[in-house]
Amino acid sequence: MKTFACGDVVPGCSARFTAGDAEGILAQVAGHARDDHGVTEVGPDLVAAVRAHIHPV
Ligand SMILES: [Zn+2]
């Protein structure tokens, strides 16, 4: 399993995600970014930032 804390990229955000792999995390983050941060497009820079903070659990 992998986990990601949005607060590692967006200071102050308490959302956490867990999935079987990085792609599962990114899919959840895309929805969260859109719904809670108004980010309509998850570009390469954001994907790289998220991947850098995905940790195994
Ligand atoms: Zn967030």
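So, here's what we can say about the structure. (Residues numbered from 1 in each chain as written. Predicted model: local features only at pLDDT ≥ 70, side-chain atom pairs only at ≥ 80, totals over all residues. Heavy atoms only, no water.)

Moving on, we get to the coordination of the zinc ion. In the first shell of the zinc ion, the protein supplies C6 (SG), C13 (SG), H32 (NE2) and H37 (NE2), at 2.0 to 2.2 Å from the metal. Of note is the zinc ion, whose four donor atoms meet at the metal with angles of 102 to 113° in an arrangement that counts as tetrahedral. Look at where the donors of the zinc ion fall in the sequence and you get C-x6-C-x18-H-x4-H. Taken together, the positions of C6 in the loop between β1 (2-5) and β2 (16-19) and H32 in helix α1 (residues 22-37) put the pair 26 residues apart, joining distant regions of the chain. With relative accessibility at 9%, the residue H32 sits in the buried group. (Donors = N, O, S within 2.8 Å, 3.2 Å for Na, K, Ca; no water. Tetrahedral: all angles 85-135°; square planar, octahedral: opposite > 155°, others 65-115°. Helix = DSSP H or I, 4+ residues; strand = E, 2+ residues; numbered from the N terminus. Buried < 20%, exposed > 50% of the residue type's maximum accessible area, 1.4 Å probe, protein only.)

Quick look at the sheet that holds β1 now. Judged by pairing direction, the sheet is antiparallel, and its three strands sit side by side in the order β2-β1-β3 without closing on themselves. The strands lining the two open edges of the sheet, one partner per strand, are β2 and β3 (55-56). The sheet contact formed by β1 and β2 spans four bridges and is antiparallel. Opposite T3, over in β2, you have T18 as the bridge partner. This element, α1, spans β1 and β2 of the sheet and lies at about 145° to β2. (Pairing = 2+ DSSP bridges. Contact = heavy atoms within 4.5 Å. Axes fitted to C-alpha atoms, helices over the stretch in contact; angles between N-to-C directions.)

On to the packing of aromatic side chains, then. Throughout the structure, instances matching the rule amount to one aromatic pair. Relative to F17, the ring of F4 has its centre 6.3 Å away and its plane inclined at 15°; by these criteria the two rings are stacked. Here F4, found in strand β1, pairs with F17, found in strand β2; they are 13 residues apart in sequence, far enough to count as distant. F17 carries the same exposure label as F4, and that label is buried. (Phe/Tyr/Trp six-rings, centres within 6.5 Å; stacked < 30°, edge-to-face > 60°.)

Here we take up the packing of α1 against helix α2 (residues 44-52). As a packed pair, α1 and α2 sit with axes 11 Å apart at the nearest point and diverge in direction by 125°. Here α1 lies oblique to α2, going by the angle between them. When you trace α1 past α2, the crossing you get is right-handed. Across the interface between the two elements, A22, E23, I25, L26 and V29 from α1 touch V47, V50 and R51 from α2. Of the residues that constitute the contact of α1 with α2, the class distribution is six nonpolar, no polar and two charged. (Parallel < 35°, antiparallel > 145°, perpendicular 65-115°, else oblique. Left-handed = near helix turned anticlockwise from the far one by under 90°. Nonpolar A, V, L, I, M, F, W, Y, C, P; charged D, E, K, R; others polar.)

Honestly, it's all geometry; don't read function into it.
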